[in-house]
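# Breakdown of the fold
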Amino acid sequence: MRKILIVGAGQAGLQLALGLQSHGYEVTVMSNRTADEIRGGRVMSTQCMFHTALQHERDNRINFWEGQAPRIEGLGVSVAGPDGSRAVDWLGRLDGIAQSVDQRVKMAGWMETFAQRGGQLVIHGAAVSDLDFFARRYDLVLVAAGKGELVSMFERDAERSPYDAPQRALAVSYVHGLGPRPEHPGTEAVRCNLVPGVGELFVMPTLTTSGRADILFWEGIPGGPLDAFQGIKDPGEHLAKTLELLEKFVPWEYARATNVELTDAGGTLAGRYAPTVRKPVGRLPGGGAVLGVADVVVANDPVTGQGSNSASKCAASYLRSILDRGDEPFDEEWMRQAFDRYWATAQHVTKWTNAMLAPPPEHVLKLIGSGGELQPVADRFANGFNDPGDFEDWFYDADKADAYLAGLTA
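Reference entry: report on the structure contained in this document. Quick caveat, the model's predicted, so the values are computed rather than measured.

Moving on to the side chain of His56. Take His56: it is sitting in helix H3 (residues 51-59). The class for His56 is buried, based on a relative accessible area of 16%. Excluding residues within four positions of it along the chain, His56 makes contact with Gln15, Ser312, Lys313 and Ala316.

Below is the structure:
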């Protein structure tokens, strides 16, 4: 039986661990926190997972919360006008439902399931020196912990990383009490509110530790008016600042947020990081090699909501590569091939996300504007969150965009 160590207990690490476990591998997961510490801690992300990523969970039979989480049927886009009104406002229909489950709920549950099924769970904050020791005792070591010392083992891929500084300041609040959108009653949807030159507000329904909730997620251009959360430690002050910015920049969202309250004391998060692609093989001081997983090697800004989706897709891709390897050694060549297999999908996410961080060219403004008049445009944009590769055919190039719109209006 092949022995595999996975360092990190997030979406990718645990999904991969549970998948390998179901195929008879002897798997150890190393986490720096227990399930109870995760469940009772601070929120870790804003995760909305679309059809393909959710299907990977179903394939592994670990979609434990599918019947409880809100069923997200659409994705809407609003663009703020200079006078505070909505210059653009439309809702695209998703071909398959999307869902969001607070990672405190999911990761704690998956950790407990992994242990109940006989997996070895080690609670320890791993350092590079630890991996040097473990690499000689396991057939394969995977690093799925996207922060801290371990990430430094993986060299930045300059050709695939156009940004060397954070492009957004991030601020998250999990709330109860958000009212419905009056123009779409009864429809659960993710709302993307674009404030030109300032940033974005995303609103998404989720399942958290206290039941159904909504996430208010600001992405502010660094140095701008939304970059206002540094130094705020008090959760109540964080929410108050969130609402103050809603009232100023997206009053249509503020109108339904006047009665919100935080889900819990750990329901806020703020920070920033530079989007970075890293080379997949990390080398240890003793000469061993480890393989980077998900946002260890491809960390995109959350402006396109792809983090947990990419983690799920990476775990599924690596699972196939490991199973296909059979009894052959997991050498560095195989590690690079496994990453290249994943990159075939991940490259589209990185290209689209980096494009959405930049000021939009004229043809993109035209496409987004046309979503209010042409439902197929709204639907196609919404479903691009599930399959970002589709944007290649109509979104980046002005001639392709014009041809696409001309075909719809002919």
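From this point on, the discussion continues.
Looking now at the pattern of salt bridges. The tally for this structure, following the rule as stated, stands at 28 salt bridges. For Glu183, the salt bridge identified is with Arg86, shortest N-O distance 2.7 Å. Of this pair, Glu183 sits in the loop between strand E7 (169-176) and strand E8 (189-195) while Arg86 sits in strand E4 (residues 86-98), and the two are 97 residues apart along the sequence. In this structure Arg86 comes out as partly exposed when scored by relative accessible area, which is 33%. With its nearest N and O atoms 3.7 Å apart, the salt bridge here joins Asp89 to Arg181. Highlighted residues: Asp89 in strand E4 and Arg181 in the loop between E7 and E8, separated in sequence by 92 residues. Given a relative accessible area of 6%, Arg181 falls into the buried group. Each of Arg86, Asp89, Arg181, Glu183, Arg191, Glu253 and Arg256 takes part in salt bridges that share partners, so that together they form one network.

Attention now goes to the packing of helix H10 (residues 362-370) against helix H12 (residues 398-409). Viewed as axis vectors pointing N to C, H10 and H12 meet at an angle of 25 degrees, and their least axial separation amounts to 9 Å. Considered as vectors, H10 and H12 are oriented roughly parallel to each other. Two packed elements cross with a definite hand, and for H10 against H12 that hand is left-handed. On the side of H10, the interface is formed by His363, Lys366, Leu367 and Ser370, while H12 contributes Ala398, Ala401, Asp402, Tyr404 and Leu405. Per-class residue counts for the contact of H10 with H12 are five nonpolar, two polar and two charged.

Criteria and cut-off values
Residues numbered from 1 in each chain as written. Predicted model: local features only at pLDDT ≥ 70, side-chain atom pairs only at ≥ 80, totals over all residues. Heavy atoms only, no water. Helix = DSSP H or I, 4+ residues; strand = E, 2+ residues; numbered from the N terminus. Buried < 20%, exposed > 50% of the residue type's maximum accessible area, 1.4 Å probe, protein only. Contact = heavy atoms within 4.5 Å. Salt bridge = Lys/Arg side-chain N within 4 Å of Asp/Glu carboxyl O. Axes fitted to C-alpha atoms, helices over the stretch in contact; angles between N-to-C directions. Parallel < 35°, antiparallel > 145°, perpendicular 65-115°, else oblique. Left-handed = near helix turned anticlockwise from the far one by under 90°. Nonpolar A, V, L, I, M, F, W, Y, C, P; charged D, E, K, R; others polar.

What is shown is where atoms sit, not what they do.
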